[in-house]
Amino acid sequence: MAGRNRLLVPQAKRALESMKEEIAREMGVELGADTSARANGSVGGEMVKRLVSMAERQLES
């Protein structure tokens, strides 16, 4: 199942990785295979919330 998600803008990969690491630090989550799916997923969920919020702010402008 790995590799199914493709970025529409490949140049965004670095920014998304940085965002993921920042959120994980804020939440006190050590990302990786040894971390529970719930903890890893919570980081992904927070990323989605923030990205949606950013998009909404852009649409308001």
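Summary of the structure given here. (Residues numbered from 1 in each chain as written. Predicted model: local features only at pLDDT ≥ 70, side-chain atom pairs only at ≥ 80, totals over all residues. Heavy atoms only, no water.)

1. As for the nonpolar core
By size, the foremost hydrophobic cluster in this structure holds seven residues: Met19, Ile23, Ala24, Val29, Ala39, Val43 and Met47. Elements that contribute at least two residues to this core include exactly α1 (13-27) and α2 (37-60). (Core = buried A, V, L, I, M, F, W, Y, C linked by side-chain atoms within 4.5 Å. Buried < 20%, exposed > 50% of the residue type's maximum accessible area, 1.4 Å probe, protein only. Helix = DSSP H or I, 4+ residues; strand = E, 2+ residues; numbered from the N terminus.)

2. Section: the pattern of salt bridges
All told, the structure shown has three salt bridges when counted by the stated rule. Glutamate 17 is the partner of lysine 20 in a salt bridge, and the nearest nitrogen-oxygen pair spans 3.3 Å. Within this pair, lysine 20 and its partner glutamate 17 are both found in helix α1, separated by three residues, close to a single helical turn. The partly exposed category is assigned to lysine 20, whose relative accessible area is 27%. Among the salt bridges present, the one from arginine 50 reaches glutamate 46, with a minimum N-O distance of 3.0 Å. Taken together, the positions of arginine 50 and glutamate 46, both in helix α2 and four residues apart, correspond to about one turn of that helix. (Salt bridge = Lys/Arg side-chain N within 4 Å of Asp/Glu carboxyl O.)

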